[in-house]
Amino acid sequence: MTAWTRRLRAFFGIEYALMLTYRAEILLWAVATCLPLIMLGVWSQAAESGDFVRSPAWMARYFIAVFLVRQVTIVWVIHHFEFLVVSGRLSPQLLLPVDPVWRYAVAHLAEQACRLPIVVVMLIGCLLLFPTAWRGDAAVGPWAPGLGAVAGGVLACMAAFTLRFVLQYTFALLAFWVERVAAVHELVYLLILFASGMVAPLEVFPAAARDAVLWTPFPWLVWFPAKLLMGESAPVLRGFVTLGGWILVLAVINRVVWRCGLKHHSAMGA
Amino acid sequence: MRRYGKTLCRFWGVSVAAEMEYRANFVISCLTTVLTLGGALFTVGLLFQNGHTPGGYSWPAALTVLGVYTLLDGLQQTLLAPNRAALTEHVRSGTLDFVLLKPMHAQFWLSLRRFSPWGLTDVAGGLALVAYAGWCLGVSPRAALTGGVAVLLGGVILYAVGFLLATLTIWFVKLYNITIAMSALLEAGRYPIQAYPAVYRAFFTAVLPVAFMTSVPAAALRGEAGVWWLVGLAAVSGATFGASCLFWRFALRFYTSASS
Amino acid sequence: MRAVVVEKLSKTYRVADKTPGLRGAVRHLVRRRHRVVPAVREISFSIEPGEVVGFLGANGAGKTTVMKMLTGLVHPTSGTVRVVGHEPRRRRAALLRQITLVMGNKQQLVWDLPAGDTLRLNAAIYGIPDAEARRRTDALCGALGLGRDQELTQPVRKLSLGQRMKCELVAALLHHPKVLFLDEPTLGLDVNAQTAVRDFVRRYNAEHGASVLLTSHYMADITALCDRVIVIHRGRLHFDGRLDELAARFAPERQVRVELADPADAGVLSAYGAVEKVEGRAATLRVARDDVPGAVNRLLSRHRVVDLTVADAPIDEVVEKLFADADADASADAERTA
């Protein structure tokens, strides 16, 4: 156990130093994932008319929560892994006595640690721009989630990150066989984009559409953690069971694909 | 002029030949276009529930904006993004040297060298959407012509802003994904500019001229754009294009090609 | 008109100071320190049409920076450059059509496509009609031993390093430039490919009367191709003249190789000069330039000599010594001023 923690800490140290040298890119990535803030503009303005079931303050709060969830669940392992395979740099990593997946996972955490200050600044900016988000309005009270809600939200974010990581890493492993896996995964990302509640809260979906997407893993990646962070009621049990179940299934598939991929990789003499 | 035309043909011939190695991409790009358009239509549709009209737009009017956005997004994927990526890659690996040594306008080369046919599915999707919305609205041929020119001018702004930002890599090699950040902000162009709060409207008109890329050309297409908006569009596209040329020439003075 | 004229050319770079490690990275984030590094200091020289000039200097001496200023890629901090009468940094087409740059560590060929595609592209860029381009390609390929239907039709990534460099040369010379800048063109090549490239450059120079400025870490390239060499060290010009003068100036000793009828004895031979090595009956001595006739005379009269040759010290040793001298001068200067 101590050997493991030592190893992970060493990984984190070097990845954090590396990520610090990439701080300009990380700033740009933070800006590049600002879609929830664009949708915040659209939906809070739309809610001003009173044509929707939720108030402008609720919309602003929802999309700021989505923004936070989005920031802590950014996964880019597929681009990194595809580069490693195509450029032939994976092979030296395979010689190490540690499965490289730990290195990639730690790199994501290090990158998030580097991005944190930027996220905080952007968050403060949003709260200043939309004061009703925390103050509340006639329809909703101030933004004061209980300790349990925050803990649940953080846990849900971690689960969502894990699921996205395992999902993307499983697709990334296909790079052993096919080229341009990132383009294939883009299709999955589009599903996440439109079905997860990132571009519109599930509350404004027609009832049939809402029920349908709730059977997919996507809303649990964004809408569910965001609802918890808002301090609103959410199907907690169903959420965590769905997230956990998908993580488990994909992890098993991932290990199988990894073994086959390695066999294929060594057979190609790469 | 003929030399440039012939070179352009060869450029694109070489690019398409290289892309044909990945023919499965055609299926992927078709699926991507269908999914993106479907998702966007769904999202815009959500805004039209309960009799709501975002920014006072009718459904077909909103579709013109979405159509112009998709069209420009296709242009972006076909020409602009691949060339920006190639430019930053040239700077990173130092092969910009070879481009600069050719007796050819370097900005022409760096803006048009690559051609990725996979973005054409988005161009087609955008055109179809615009055509459908235009048919619903009964757009006059004259408005369609003005709109076509306006869309081209919007494309020029998109190109110029992207090239301007990509030029920054001459100094800051690590800023190579600045254009990714820009593309993300451009997503705002999917929705009519009038559907945003005032702060957003100001930002997307004066700072990052997204309004001039999609909303204004779409209005011209519907024959609703005022003269001053069209003058503004022409001015902004001329100014950004001129700025991109001047800035590029300025940046070259600082190119050290030190990566060797 | 001279091919290249350089007067008092200087270039300084501004570089960021960065201490390694996490703390260094954080500190750099807070306060950046910059240093001004002079890469090239007041260099002047000129090259005549048809001349082949070797450009020598250790790594980081400023060779590549000078090459890049001559091709207009890097703008000089001060001084003037004229290449075939043009100022390179203006990048006029009239100049660019007459020059070329080949770099051993960078390639212009498109990695995933056959070299033939890049050649066709270059033909269009330089406005060379297709028939003429084909004729030139055949001629260049013939001189390099490349098959137009073999190497040129394979994706570049599948070619060996030697084949790739040969294709690079064809692409770089398709427009028949008058001035060639070759920066380490033989880098990493095996001996056969090196000789082929060398012979090709000599032939091109003879056929087209082109000027060549060549850098190489392989002294064999320099000695085979260049009559004249320019040596720079730490951004300063240290020598400009004929190759044999370089040896005369900087190597005051010559090498005397002698083969005796009897086994050689280092102790006995040291009477004639510094003994470098003894192998059986053969020995190599180092003798001061002026003492060579006397020493040879005595050797021949006192020993049974089978064979005897006198040569300059190997050129790399000469250059090495030159750099060492220059460094010693520099540090002596520094001490004097301190």
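All of these numbers come straight from a predicted model, not from anything done at the bench.

So, how was this worked out
Residues numbered from 1 in each chain as written. Chains lettered and ligands numbered in written order. Predicted model: local features only at pLDDT ≥ 70, side-chain atom pairs only at ≥ 80, totals over all residues. Heavy atoms only, no water. Helix = DSSP H or I, 4+ residues; strand = E, 2+ residues; numbered from the N terminus. Expected span 1.5 Å × (residues − 1). Buried < 20%, exposed > 50% of the residue type's maximum accessible area, 1.4 Å probe, protein only. Contact = heavy atoms within 4.5 Å. Axes fitted to C-alpha atoms, helices over the stretch in contact; angles between N-to-C directions. Parallel < 35°, antiparallel > 145°, perpendicular 65-115°, else oblique. Left-handed = near helix turned anticlockwise from the far one by under 90°. Nonpolar A, V, L, I, M, F, W, Y, C, P; charged D, E, K, R; others polar. Pairing = 2+ DSSP bridges. Salt bridge = Lys/Arg side-chain N within 4 Å of Asp/Glu carboxyl O. Polar contact = N/O pair within 3.5 Å; in protein donor to acceptor, adjacent residues only side chain to side chain.

It is not clear to me how helix 6 (residues 120–137) of chain B should be interpreted in this structure. Could you clarify?
In an α-helix, one full turn covers 3.6 residues, which means residues spaced three or four apart are oriented alike. Residues and elements named next belong to chain B. In this model, helix 6 (18 residues) spans 25 Å end to end at C-alpha, consistent with the 26 Å of a helix rising 1.5 Å per residue. Taken as a whole, helix 6 has its buried residues at T121, D122, V123, G125, G126, L129, V130, A133 and G134. As for helix 6, its buried residues are in contact with helix 2 (24–47), helix 3 (59–93) and helix 11 (215–221). Of the residues flanking the end of helix 6, it is G138, one or two places downstream, whose phi is positive at about 65 degrees.

What is the right way to look at the packing of helix 1 (residues 2–21) of chain A against helix 7 (residues 100–129) of chain A in this model?
Between two packed helices, the angle of one axis relative to the other and the distance separating the axes together describe the packing. Residue and element names in this part refer to chain A. In the contact formed by helix 1 and helix 7, the axes pass within 8 Å of each other and the chain directions differ by 50 degrees. The orientation of helix 1 relative to helix 7 falls into the category oblique. As helix 1 packs across helix 7, the resulting crossing turns out to be right-handed. Within the contact between the two elements, helix 1 uses W4, L8, F11, F12, I14, E15, Y16, M19 and L20 and helix 7 uses W102, R103, V106, A107, L109, A110, E111, A113 and C114. Of the residues belonging to the contact of helix 1 with helix 7, the class tally is 15 nonpolar, no polar and 3 charged.

Explain the sheet that holds strand 11 (residues 274–279) of chain C to me, please; I cannot follow it from the model alone.
The strands making up a sheet associate through hydrogen bonds between their backbones, and the pairing can be parallel or antiparallel. Residue and element names in this part refer to chain C. Overall, antiparallel pairing links the 4 strands, which are arranged 11-12-10-13 in an open sheet. Looking at which strands have only one partner, the edges of the open sheet turn out to be strand 11 and strand 13 (305–312). Each neighbouring strand pair of the sheet contributes to a mean axis angle of 20 degrees, computed without reference to strand direction. By the bridge criterion, 7 bridges tie strand 10 (residues 253–260) to strand 12 (residues 282–288) in an arrangement that is antiparallel. Looking across to strand 12, one finds that R257 is bridged to T284.

What am I meant to see in the interface of chain C and chain B here?
Often, the extent of an interface is quoted as the loss of accessible area on bringing the components together. Contacts between the two partners involve 31 residues from chain C, matched on the other side by 29 residues from chain B. In this assembly, chain C and chain B are joined by 4 salt bridges. The residue K106(C) makes a salt bridge to D97(B) at a minimum N-O spacing of 3.0 Å. Taken together, chain C and chain B are joined by 9 residue pairs in polar contact (both at pLDDT 80 or more). Residue assignment for the side of chain C that touches chain B shows that the elements contributing at least two residues are helix 2 (63–70), helix 3 (93–96), strand 5 (99–103) and helix 4 (115–125) of chain C. Among the elements that line the side of chain C that touches chain B, the one with the most residues is helix 4 of chain C, at 7 residues. Counted by class, the side of chain C that touches chain B contains 15 nonpolar, 8 polar and 8 charged residues.

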